[in-house]
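Residues per chain, in single letters:
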Amino acid sequence: MANLDTDSIMASFEDADVEVEENQMDEDTLKDIRERFSSAIEFTATNRQEMLDDIRFARLGDQWPESAKYDRNRPGKERPMLVINRLLQYRDRVVNEIRQNTPSIRIRPVNDEADQETAEVLQGLIRHIQDNSNAGMAYDTAVESQVDMGVGYVRIRNDWADDSSFDQEIYIDRIPDPFKVYMDPHSKSPDGSDAEWCILAEEISKDEFERLYPGVEETHFDDAGNGDAQGWFTKDSVRIAEYYYIEHEEVEITDPQDPSQVRIADKKRCMWCKATGDTILERGELPTKFIPIVPVIGHELWLQGRRYLSGLIRNAKDAQRLYNYYLSANAENVALSPKAPFIGVAGQFETDPNWGRVNKESVAYLEYDPVSIAGTPVGSPQRAMPPQSSPAIMQAIQLAENDIMQSMGIYQPTLGAQSNETSGRALLLRQKQADINTFHYQDNLSRSVRQIGRVVLDMIPKVYDRPRIARILGEDGTPRTVQLNPNIQTPSTNTENSAIDSIFNPTIGRYDVVCDAGPSYSTKRDEAATMMLTLTQANPALFNIIGDLMLKNMDWPGAEEISKRLQAMLPPQLQAQAKSGDKINPEVLQAQQMMDQLAGQMEHMSQEIAQLRDQRSIELQKQEREWFEAQTKRMDVEGKIMMTDSQLQAAVRENLTLMMGMGTQELVENNAEFERLEMQAMEPPQGQAPQGQAPQGQAPQGQPMRPGAMRKEPDIAALTSEAKPGESI
C-alpha cells in the first residue's frame, strides 16, 4: 500500500508539473499574441486607414468629405451632393477579366524519385480539392479586395471529410473581411511564403461559443486595428483569434551518398492555436511548413522600411470627387431655372397674393396691378432670364471623366463604347493596351495561387497518410478514382485489379508547382470547337478523323452521343488511342511510326520524281529548240537549191571559171557534187511520183536513164547534220 501511495503521489506531482508547464506555455503564447498583434496594428495603421477609405469610397459611395457634407447639409441652405460612381464599371471590368482567366495549378516532378504519372495524379487531386471546397469563390473574393483596396487573403485548412469518417480533406476557404487578418509585418514576399506568423480574428455568437467551449469565461481584448471591430468582445458575440506561427528546430542531417558529410538543417513546422483575450482554447500542429494564409496584393511599395499597398481605386478618387462636384454644380445651376424671379415696378404685385408663391406652386393665372409712370402705362412683370448651363462646367465634367480613365489606365472602347477605331485589329490593340495596364493584378494572383498550390502539395502526404480511394479530376472536370497507398516503396506501381490502373504513393518524390494563367477550360473548349469547325469547312475530309472531338467540345443535347458514334467509326488505331486517352498501345505506336517513315520516304521519292520530270522537260525543250533551228537551216538550204535557169547558168559559169585553175580530180568531184544538187532540185516529194514519170530509181517507160539522175531519196538532214528530237538521222 505504501508503494501504491508513493506511486500515486508521484503521479499527482507529475500531473501537476505538466499542468504548470502547460499553463506557462499558454501564458507565453498569449504574450506572443498580444505583442505581435500590437506590432501588426502599428505597422499597418496607415495602410488600414487608406484601405478603409478606398472600400467605403468605391463600394459604399461615401465620396464627399465630411467638411463638404456639413456645409451642404445646413438647414435651409441645402445644396446638391450628387454621387455618380464611375469607378465601379472600371473596377468590375478588371475583376471579371481575372475571373475569366483564373490561374490553374500544375504539378511537375523534380527529383529522380518522382514520376510524371504521379504528378498528374497529384494535379488531379488538387483539382478535386479546389472543386470540393469551392476554391473559385475564395479566389474571386480575394481578387475583389485586391482591386478595391490593395490586398485580399485566402486560407487553406484540413478537416474531417464528413461526420462519420476518419479520413481528412484539404479545404481552400475565402476570407471575406481582409481587415480581420494581421500578417507578419516583416514578410517581404508578395505571396507571404516567408511569413513567420499570422493572426486571424473571428467573431462568433455567444451561444456558439458556449456550445464549443463550455465553462470557458468570455474575455475580451480591447485593442484592434483600423477597419476591424473594436475589441475581441462585443455585446452579442465573442471574437476568437486564430494564431498561426512557425517553429524552428535544428536537426542534423547526413548526405545519403556520402555519410561523412553532415550539416545542420532548419526544420520548420506550422503551429496553430485558438485563443480569447486570456485563454488558449485549442492548439495543435498543422501538416505544413508554411503559414496557410496567402495574401493577394495589388500595388506594392516599400519605402523607409514600411510597406504601402493600394488597389485600382486609390489614384482615381480625386478625379471622381471632381466629377461629382462639377455634376452637382451643373445640377444646382439648372435647378434654379424655374425659380428665376419676376421683375416689375412697385405696386404691380399688391392685389394678387399668388405672386409670392409662383416659384413654389403651379398657378393657373396671375393678376398684376396696372401702373403708370408720368402718364405712360408700364408693361406687365417679366421673369428674369434663367441661368444657362455653363460651357466651362460641361468641359470640366469631360476633363474629370477623362482623368478617371487615365488614372486607371482603362478607356471607354475597352468597355464597349463607340470609339475612333474601326478595324478589328485596332480594337484588339486597344483592348491589349488596357489589359497590359492592369496585368499586375492577374500576375500577382498567379503568384499567390502558386503559393496555395505549394501549401496544398505540402499537406497532401500528411493528410492522405493511409491507404484510401480518392477522387481526382481531369482538366475537363471528368472524375476518376485512384488508390493512394503511402506504404508502397515506389511512387506508383501497377496492380492486377482490372478496376484500378495503378497504386500511387504521394509521400515519395519531390514535386514543384507551376501556375498557368489563361482562359478557363470552358473557354478553350469553345475556341477548340470553333477552330475544328473552320478546319472541316476548309477540308471536309478531316471530319472523318476529328469529327468525334469536334462534337465532344460542343454543348447541346445529343452532342456527346453523336461523338461516341463518330468515334466508333474511326480507324482501329485511332479508336485505340481515343479509348485509352493519351496511353497508346506500343504496337499501334510502332505501326504509326513505320507509317510515318514510309510516308516520309514516299514524299522524298515524289520530290525526286518531280525533279527528274523537270530536268527531262528542260532537255526536251532544248531538243525542240535545236530541232527548230535545224529545220530553219534546212529550209534555207532548200531555198538555195531551188534556183531559176538564169541563176543556174550564172552558177555554172562561176564554177567553170573556178575550175580553170583546178586539177582533173577536183573537177570531177565538183561536177559530181553539182549533178547531185541538180537532181535533188528536180526530184518530186518522197513516195509520190509526178504524172508521166516512173517511180524513183526507174526511168520513164520508153526513155533511158540520163547520166547524173538521182537514184536515191534526198537527205536534207545530211546537209544540215540535224534531226528532229526522237528521230534518228
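Anyway, here's the lowdown on the structure attached to this text. (Residues numbered from 1 in each chain as written. Predicted model: local features only at pLDDT ≥ 70, side-chain atom pairs only at ≥ 80, totals over all residues. Heavy atoms only, no water.)

Quick word on the overall build of the protein chain
Here comes step 1: When helices and strands are tallied, the protein chain shows 19 helices and 20 strands.
Here comes step 2: The buried share of the protein chain, reckoned over its 729 residues, is 33%. (Helix = DSSP H or I, 4+ residues; strand = E, 2+ residues; numbered from the N terminus. Buried < 20%, exposed > 50% of the residue type's maximum accessible area, 1.4 Å probe, protein only.)

Concerning the pattern of salt bridges
Here comes step 1: Evaluation of the coordinates by the stated rule reveals 38 salt bridges.
Here comes step 2: Of the charged contacts, one joins D54 and K317 as a salt bridge, the two residues approaching to 2.8 Å between their closest N and O atoms. With D54 in helix α2 (residues 45-59) and K317 in helix α8 (residues 317-335), this residue pair connects regions lying 263 residues apart in the sequence.
Here comes step 3: D54 gets classed as buried once you look at its relative accessible area, which sits at 0%.
Here comes step 4: On the accessibility criterion, K317 (5% relative accessible area) is buried. (Salt bridge = Lys/Arg side-chain N within 4 Å of Asp/Glu carboxyl O.)

Comments concerning the environment of I373
Here comes step 1: Along the chain, I373 falls in strand β13 (residues 372-373).
Here comes step 2: Not counting residues within four places of it along the chain, the set of residues in contact with I373 comprises V345 and V378. (Contact = heavy atoms within 4.5 Å.)

Concerning the nonpolar core
Here comes step 1: Ranked by size, the top nonpolar core spans 60 residues in total, and within it I107, I156, I170, I172 and V456 carry the most contacts.
Here comes step 2: For this core, the element with the most residues is helix α11 (residues 439-463), which contributes ten residues.
Here comes step 3: Judged by nonpolar contacts, the second largest core, of 20 residues, contains M183, A195, L286 and I297. (Core = buried A, V, L, I, M, F, W, Y, C linked by side-chain atoms within 4.5 Å.)

What about the sheet that holds strand β3 (residues 168-174)?
Here comes step 1: One open sheet accounts for three strands, arranged β3-β2-β9; its pairing is antiparallel. The two strands at the open ends of the sheet, each matched to only one other strand, are β3 and β9 (293-297). The sheet shows a mean angle of 20° between the axes of neighbouring strands, taken without regard to direction.
Here comes step 2: Relative to strand β2 (residues 151-160), helix α6 (residues 135-149) is tilted by about 155°, and along the sheet it contacts β2, β3 and β9. (Pairing = 2+ DSSP bridges. Axes fitted to C-alpha atoms, helices over the stretch in contact; angles between N-to-C directions.)

Some remarks on the packing of aromatic side chains
The relative placement of two aromatic rings is captured by the distance of their centres and the angle of their planes.
Here comes step 1: Enumeration according to the criterion identifies six aromatic pairs in this entry.
Here comes step 2: Ring plane angle 20° and centroid distance 4.7 Å describe the contact between Y243 and Y245, whose orientation is recorded as stacked. With respect to class, Y243 is no different from Y245; both count as buried.
Here comes step 3: Here the aromatic rings of F349 and W355 are separated by 4.8 Å at their centres, their planes lie at 80°, and the arrangement is edge-to-face.
Here comes step 4: Taking the relative accessible area as the measure of exposure, F349 reaches 29% and is therefore partly exposed.
Here comes step 5: The class of W355 is buried, set by a relative accessible area of 14%. (Phe/Tyr/Trp six-rings, centres within 6.5 Å; stacked < 30°, edge-to-face > 60°.)

What to know about the sheet that holds strand β18 (residues 492-494)
Here comes step 1: Within the open sheet, the four strands sit side by side as β16-β17-β19-β18. Their pairing is mixed. Unpaired on one side and paired on the other, β16 (468-473) and β18 mark the two borders of the sheet. Mean inter-strand twist for the sheet, computed between neighbouring axes without regard to direction, equals 40°.
Here comes step 2: Helix α5 (residues 116-132) contacts β16, β17 (479-484), β18 and β19 (502-504) of the sheet and is inclined by roughly 80° relative to β16.

Section: the packing of α2 against α6
Here comes step 1: Closest axis-to-axis distance for the α2/α6 pair is 9 Å, and the angle between their directions is 100°. When the axis of α2 is compared with that of α6, the two are roughly perpendicular. Contacts from M51, D54, I55 and R59 in α2 reach E144, D148 and M149 in α6.
Here comes step 2: Along the lines of polarity and charge, the residues of the contact of α2 with α6 split into three nonpolar, no polar and four charged. (Parallel < 35°, antiparallel > 145°, perpendicular 65-115°, else oblique. Nonpolar A, V, L, I, M, F, W, Y, C, P; charged D, E, K, R; others polar.)

Considering a nonpolar patch on the surface
Here comes step 1: Nonpolar side chains collect at one region of the surface, where L301, L303 and Y308 lie side by side and expose about 270 Å² of accessible area between them.
Here comes step 2: Given a relative accessible area of 47%, L301 falls into the partly exposed group. (Patch = residues over 30% accessible without salt bridge, like charges linked within 9 Å, V, L, I, M, F, W, Y side chains within 5 Å. Areas by Shrake-Rupley, 256 points an atom, 1.4 Å probe, with all protein chains shown as cover.)

Digging into unusual backbone geometry
Here comes step 1: Positive phi is not limited to glycine here, since N134 has a value of about 55°.
Here comes step 2: The topology assignment puts N134 in the loop between α5 and α6.
Here comes step 3: Residues other than glycine seldom take positive phi values, yet Q304 does so here, at roughly 55°.
Here comes step 4: Of the residues examined, Q304 reaches a relative accessible area of 78% and is grouped as exposed.

Description of the pairing of β3
Here comes step 1: Counting buried residues along β3, five of its seven residues qualify, which places the element largely inside the surrounding structure.
Here comes step 2: Where β2 and β3 come together, seven bridges link them in antiparallel fashion. From the neighbouring strand, D159 faces β3, where its bridge partner is E169.

Function cannot be read off these values alone, since they describe shape.
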